[in-house]
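# A structural walkthrough
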Amino acid sequence: NLDDELENPPPKKKRRMNDDVASDSEEQQLQVGGLNLRAASKVFDNMLSNDFKERQENKINIHAQSVQDVDDMWYFICTGRMREDCNASTVINLAHLYDLRMLFQQCVDKMVEQLSIENFAQTVLIFDKYEIKHEYDELVKFGSSHLDELNDRDDFLQLPNCFRRCIELK
């Protein structure tokens, strides 16, 4: 029941719920309700409604960096909120793949909120990968104001040349 799940969101620990959809990651499974997935995403709805393997098997295999990422996606689907310790830089891949737009936007906001010297290059590459425009100016401002520290890092060279030049000129 969706109302019960909203009142009692899934716990942080990995769990098994007796329902009809499972996600795999290195032999680990997380079983969740298919109705909630269908309501949250047209992608999930299509997979479970049309003549796809997922409908026939009543199972969706979700390949993610960790089961925790899938669990965090499920938590968001149930509550509309991200967990405090959710790894936004990996969950954003699931949000994009399954067209969970609100989760995607919250991942973007959280990555900008948690921007640091250590995760700057990774964040810029994610913004580049998904062509994210919202909050891009924050990346440029941060990069410009921390240019000396960023230049000392090896991962800074992974950034596109045009982006590096842009923040150098700011």
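Residues numbered from 1 in each chain as written. Predicted model: local features only at pLDDT ≥ 70, side-chain atom pairs only at ≥ 80, totals over all residues. Heavy atoms only, no water.

The contact between helix H6 (residues 88–97) and helix H7 (residues 101–113) brings their axes to 8 Å, and the two run at 160°. Relative to H7, H6 is oriented roughly antiparallel. Judged by the sense of rotation from one axis to the other, the crossing of H6 with H7 is left-handed. Residues Ala 88, Ser 89, Val 91, Ile 92, Ala 95 and His 96 of H6 form the contact with H7, whose own contacting residues are Leu 103, Phe 104, Cys 107, Val 108, Lys 110 and Met 111. (Axes fitted to C-alpha atoms, helices over the stretch in contact; angles between N-to-C directions. Helix = DSSP H or I, 4+ residues; strand = E, 2+ residues; numbered from the N terminus. Parallel < 35°, antiparallel > 145°, perpendicular 65-115°, else oblique. Left-handed = near helix turned anticlockwise from the far one by under 90°. Contact = heavy atoms within 4.5 Å.)

Once that is clear, we can look at the confidence of the model for the protein. For the protein, mean pLDDT is 83; residues scoring 70 or higher make up 80% of the total. Of the regions scoring below 50 in pLDDT, residues 1–7 engages in seven contacts with residues more than four places distant in sequence or in other chains. Here residues 12–26 scores under 50 on pLDDT; set against residues more than four positions off or in separate chains, the count is 57 contacts. (pLDDT = per-residue confidence, 0-100.)

Within the chain, Asp 99 stands out as a residue other than glycine whose phi angle is a positive 55°. Mapped onto the elements of the fold, Asp 99 is located in the loop between H6 and H7. Located in the positive-phi region is Glu 135, a residue other than glycine, with phi close to 75°. As for its placement among the helices and strands, Glu 135 is situated in the loop between helix H8 (120–129) and helix H9 (136–145).

A word on helix H3 (residues 42–49). Within H3, burial applies to Phe 44, Met 47 and Leu 48. Axial view of H3: buried residues confined to an arc of 90°, hence all on one face. With a side-chain oxygen lying 3.1 Å from the backbone nitrogen of Val 43, the N-terminal cap of H3 falls on Ser 41. (Buried < 20%, exposed > 50% of the residue type's maximum accessible area, 1.4 Å probe, protein only. Arc of directions from axis to C-beta. Polar contact = N/O pair within 3.5 Å; in protein donor to acceptor, adjacent residues only side chain to side chain.)

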